[in-house]
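Chain by chain, the residues run as shown.
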Amino acid sequence: MSIKSTLVAALAGTVLLSVAPAHAEFGDTLKKVKERGALACTGHNGSYMGLAEVDDKGNWKGFDIDLCHAVATAIFGTWEGHVDIKPTSWAQRWPSLQSGELDMVIKSSGWTFSRDTEIRAQFAQPYMMAAIHYMVRKDLNVASAKDLDGGTLCLPSGTTMERYAVEHEAQNGYKLNVVPFEKTEEANAAFLAGRCDAMMEWDLQLGVLRATEAKNPDEFVILPDVLSAEPVGIVMRQGDDNWVDIANWVQTALLLAEQAGVTSENVDEMKANPPTPAIGKLLGATPGMGTPLGLTDDWGYNVIKTVGNYAQIWDRNIGKDSPYKVERGVNALMKNGGILYPLVLD
C-alpha cells in the first residue's frame with residue numbers, strides 16, 4: 001500500500017470514529033427525562049376505556065398507562081412520582097410529540113406510512129394488534145363469520161369497516177347485508193337493540209361496548225375471525241436510537257417474562273435462581289442488561305416487580321380480570337398461537 005493510500009485509510013478511520021454514535025446513556029431524550037425527573041406520556045382527553053381511564057380523583061389506569069409506567073420504572077426504578085400523564089387528544093398527540101411536550105406517544109397509535117415519513121415519527125416494535133372482529137348475539141349460535149351468511153351487519157357509513165367486511169366476505173365465501181347508519185353510536189345502539197345480526201370493530205372496543213352498554217353482556221360474543229388488523233406501537237421522535245431501543249427492550253422484558261413464567265409475584269425467586277441465562281440477565285442477576293441502554297442492570301427486575309409481565313397487564317386492564325373480558329386472540333404469544341414474541345436476549 002502506498003503512503004498516500006495509507007494516509008487516506010487512516011483519515012477514513014478517523015472520520016468513522018468521529019461520527020460513531022455516542023454511548024447509549026447519552027441519548028438526548030433519556031438525558032432530558034432523567035434531568036426532568038419524570039416521563040411525559042400520553043393520557044386521553046377523557047376516558048379511553050381499558051387503555052387510558054381516569055377516575056374522578058385524577059388517577060390514571062389502563063393498558064397504555066401501564067406501558068408508560070413500565071418505561072418510567074425502567075428509567076427510575078419506580079414509576080410513582082416519575083410519570084407525567086398528559087391528557088392528549090388524537091389530533092394533539094403528534095404536535096405535542098414533535099414539540100417535546102411528550103417524550104413518547106402510547107395511545108393506540110397504528111404504524112402507517114404517512115406517520116413514519118411525513119410527521120417524522122419513529123415506531124417501536126408493535127405491542128398490540130388492533131384486530132377487527134364481528135360481535136353477535138349468543139343466541140344466534142354462530143361459531144364463525146361464515147355462519148353469518150345472508151345475515152345483516154350494522155355499520156356506520158363512510159368508514160373503513162365496510163371495506164374490511166367486503167374483503168373478508170370475498171375471501172371466505174359468505175355475504176352480509178349492510179344496514180347503514182350515519183353515526184357509530186347509532187349503529188351500536190341498533191345492534192344492541194337486535195336490529196342486526198352482527199356489528200364489527202376492534203375487539204377491545206367491542207368488549208367495552210358489551211361491558212358498558214349492553215343490558216346483559218353475557219348475551220353477546222365476539223367471533224374469533226380476524227377481519228383485519230392494525231399494528232399499534234409506541235411512537236417517538238426520529239433521531240434518537242437509544243430511546244427507541246429502550247422502548248423495544250421494555251416491551252421485550254414484558255413478553256419474555258410472560259414466556260418464561262416470570263410474574264410480579266415470583267420475580268424475586270426467579271432472580272435468586274434464574275431458570276435460564278436470559279432470565280438471569282433480564283432480572284439483573286447477571287450484568288449486561290443496563291449499561292448499553294443507559295439504565296441500571298436491574299431495570300428489568302424493577303419493571304416486572306412493579307407492573308408485572310405482559311399477560312398481567314392485559315388481564316387486569318382489558319382481559320379476564322377487567323370488566324371487558326377481551327381474549328388475547330392474535331395478541332397471544334406466538335407459542336400460544338398469537339403473533340407476539342420477545343426479541344432475543346443474548
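Look above for the structure.
Residues numbered from 1 in each chain as written. Predicted model: local features only at pLDDT ≥ 70, side-chain atom pairs only at ≥ 80, totals over all residues. Heavy atoms only, no water.

Visitor: I would appreciate a short explanation of the side chain of Asp 203 in the present structure.
Guide: Within the secondary structure layout, Asp 203 lies in helix α8 (residues 203-213). The buried charged residue Asp 203 lacks any salt bridge partner; its closest oppositely charged side chain belongs to Arg 210, at an N-O distance of 9.2 Å. Leaving out residues up to four positions away in the same chain, Asp 203 has contacts with Ala 131, His 133, Ile 222, Val 326 and Glu 327. (Helix = DSSP H or I, 4+ residues; strand = E, 2+ residues; numbered from the N terminus. Buried < 20%, exposed > 50% of the residue type's maximum accessible area, 1.4 Å probe, protein only. Lys, Arg positive; Asp, Glu negative; His and termini not counted. Salt bridge = Lys/Arg side-chain N within 4 Å of Asp/Glu carboxyl O. Contact = heavy atoms within 4.5 Å.)

Visitor: Help me understand the layout of surface pockets in this model?
Guide: Here the largest pocket is characterised by a volume of approximately 990 Å³. Tyr 48, Met 161, Glu 201, Trp 202 and Gln 205 are, among the 37 residues lining the largest pocket, the residues nearest its centre. Breaking the lining of the largest pocket down by element, the ones donating at least two residues are β6 (128-137), β7 (152-156), α6 (160-172), α7 (184-192), β9 (198-202), α8 and β11 (228-232). Per-element accounting of the lining of the largest pocket gives the leading share, six residues, to α8. Residue composition of the lining of the largest pocket, by class: 20 nonpolar, eleven polar and six charged. (1 Å grid on protein atoms, 1.4 Å probe; cavity = no way out; pocket = protein on both sides within 12 Å on 5 of 7 lines; lining within 4 Å. Points joined across faces, edges and corners; volume = space filled by probe spheres on them. Nonpolar A, V, L, I, M, F, W, Y, C, P; charged D, E, K, R; others polar.)

Visitor: Hey, could you run me through the packing of aromatic side chains in this one?
Guide: The geometry of an aromatic ring pair is captured by two quantities: the separation of the ring centres and the angle between the planes. All chains considered together, the criterion is met by seven aromatic pairs. Measuring from centroid to centroid gives 5.3 Å for Tyr 48 and Trp 90, while their planes differ by 90°, and the two rings are edge-to-face. Placement of Tyr 48 in the loop between β1 (39-42) and β2 (53-54) and of Trp 90 in the loop between β4 (83-86) and α4 (93-99) is noted, with a sequence separation of 42 residues between them. A relative accessible area of 33% means that Trp 90 is categorised as partly exposed. Considering the side-chain rings of Phe 63 and Tyr 310, the 5.4 Å spacing of their centres and the 70° angle between planes classify their relative orientation as edge-to-face. With Phe 63 in helix α3 (residues 63-76) and Tyr 310 in helix α13 (residues 310-317), the pair connects residues that are 247 residues apart, well separated along the chain. Here Phe 63 matches Tyr 310 in class, with each residue buried. One cation-aromatic arrangement involves Lys 107 over Trp 90; the distance from NZ or CZ to the ring centre is 4.2 Å. Here the guanidinium or amino end of Arg 328 rests over the ring plane of Trp 314, the centre of that ring lying 5.6 Å away. (Phe/Tyr/Trp six-rings, centres within 6.5 Å; stacked < 30°, edge-to-face > 60°. Lys NZ or Arg CZ within 6 Å of the ring centre and 35° of its normal.)

Visitor: Looking at this model, I keep getting lost on α7. Mind explaining?
Guide: Here α7 has its buried residues at Ala 187, Asn 188, Ala 190, Phe 191 and Leu 192. Where α7 is buried, its residues contact β6, β7, β8 (177-181), β9, α8 and β10 (220-222).

Visitor: Can you walk me through α8 in this structure?
Guide: Side chains that are three or four residues apart share a direction in an α-helix, a result of its 3.6 residues per turn. Within α8 the residues assigned to the buried category are Asp 203, Leu 204, Leu 206, Gly 207, Val 208, Leu 209 and Arg 210. Of the surrounding secondary structure, the elements contacted by the buried residues of α8 are β6, α7, β9 and β10.

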